[in-house]
Amino acid sequence: MSPTAAEHSHAHHDHGKCIADALAAAREICAQRGERFTELRGRVLELVWESHRPIGAYAVLEKLKADGRSAAPPTVYRALDFLMEVGLVHRIESLNAYIGCAHPGAAHASQFLICKDCGTAEELESPAIDAALAAAAGEHGFKLAGRVVELSGTCKSCAGP
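The paragraphs below set out a description of the structure included in this document. Position numbers for residues start from 1 in each chain and track the written sequence from start to end. pLDDT decides what is reported in this predicted model: residues at 70 or higher carry local features, side-chain atom pairs at 80 or more are listed and counted, and totals for whole chains, interfaces and linings draw on all residues regardless. In computing side-chain properties, one takes all heavy atoms of the structure into account and sets aside hydrogens as well as water.

### A look at the pattern of salt bridges
Opposite charge on two side chains makes pairing possible when the charged atoms of those side chains draw close. Here, a salt bridge means any side-chain nitrogen of Lys or Arg that lies within 4 Å of a carboxyl oxygen of Asp or Glu. Across all of its chains, the model carries 10 salt bridges by this definition. A salt bridge links Lys-63 to Glu-50, with the shortest nitrogen-to-oxygen separation between them at 2.6 Å. With Lys-63 in helix α4 (residues 57-66) and Glu-50 in the loop between α3 (39-49) and α4, the pair connects residues that are 13 residues apart, well separated along the chain. You can call Glu-50 partly exposed: its relative accessible area is 34%. In this structure, the salt-bridge partner of Arg-91 is Glu-93, at a minimum N-O distance of 2.5 Å. Between buried and exposed lies partly exposed: a residue is buried under 20% and exposed over 50% of the maximum accessible area for its type, with that area taken using a 1.4 Å probe on protein chains only. Residue classification places Arg-91 among the partly exposed positions, given a relative accessible area of 25%. Numbered from the N terminus, helices here are DSSP runs of H or I no shorter than four residues, and strands are runs of E no shorter than two.

Take a look at the structure:
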């Protein structure tokens, strides 16, 4: 199987650094909040950060089983829920999958660019988009409690020159 354009462009990308940074942020955030960052939570976070593609809970479960761990779906969902609660991962609703948070620990509304060709996802944090959504909702007397903006298209790598 040949690599996609996005995989090729990430050939020199250090996922190990992404994972190490995510784990360091997780330990710091959990320590600040007085939360336990268990070995399982850490492994689930590593699996989410393994690539820049969203990953489903059952794919995480399969990878845990491949590691020789006995895990059940509720265990994985609890770990993912915890990681979302403390701001370390996001759920991409349209894909029913999870991706690492590019800005862990900081409250923010995110937008996601999802490549329909290679499956990568990139987190944006655009205050202008967030403000426009809040203003548009406010014009209708609607107070936003939360928002997930997912934009589907073609990434720079897949679009080519």
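### Here we look at the packing of α3 against α4
Each pair of packed helices can be summarised by the angle the axes make with each other and by the distance between the axes. The axes used here are C-alpha line fits, helices contributing only the stretch in contact, and every angle between their N-to-C directions lies in the interval 0 to 180 degrees. The geometry of α3 relative to α4 is characterised by a closest axis approach of 10 Å and an angle of 115° between their N-to-C directions. As α3 packs across α4, the resulting crossing turns out to be right-handed. Across from Leu-40, Arg-43, Val-44 and Leu-47 in α3, the residues of α4 making contact are Val-60, Lys-63 and Leu-64. The class makeup of the residues in the contact of α3 with α4 is five nonpolar, no polar and two charged. Each helix crossing is assigned a hand: it is left-handed if the near helix lies turned anticlockwise from the far helix by less than a right angle, otherwise right-handed if that turn is clockwise. We call two residues in contact whenever any of their non-hydrogen atoms come within 4.5 Å of each other. Any residue that is not Ala, Val, Leu, Ile, Met, Phe, Trp, Tyr, Cys, Pro, Asp, Glu, Lys or Arg is counted as polar, Gly included; the first ten are nonpolar and the last four charged.

### Let's talk about helix α2 (residues 15-33)
Three or four residues apart is the spacing at which side chains of an α-helix point the same way, because the helix has 3.6 residues per turn. Taking 1.5 Å per residue as the helical rise, α2 with its 19 residues ought to reach 27 Å, and the 27 Å between its terminal C-alpha atoms agrees with that figure. Buried within α2 are the following residues: Cys-18, Ile-19, Ala-22, Leu-23, Ala-25, Ala-26, Ile-29 and Cys-30. Mapping the buried residues of α2 onto a view down its axis gives an arc of 165°, with all of them on the same face. Opposite the buried face of α2, by more than 90 degrees, sit the exposed residues Ala-31 and Gln-32. As for α2, its buried residues are in contact with α3 and α5 (73-85). After α2 finishes, the residue Gly-34 shows a positive phi value of roughly 70°. A helix is expected to span 1.5 Å for every residue after the first. Arc definition: it is the arc formed by the directions from the helix axis to the C-beta atoms.

### Here we look at the sheet that holds strand β5 (residues 149-153)
Pairing between strands is defined by DSSP: at least two bridges between the two strands are required. Judged by pairing direction, the sheet is mixed, and its three strands sit side by side in the order β4-β3-β5 without closing on themselves. On the outer flanks of this sheet lie β4 (121-124) and β5, each paired with one strand and no other. The sheet shows a mean angle of 20° between the axes of neighbouring strands, taken without regard to direction.

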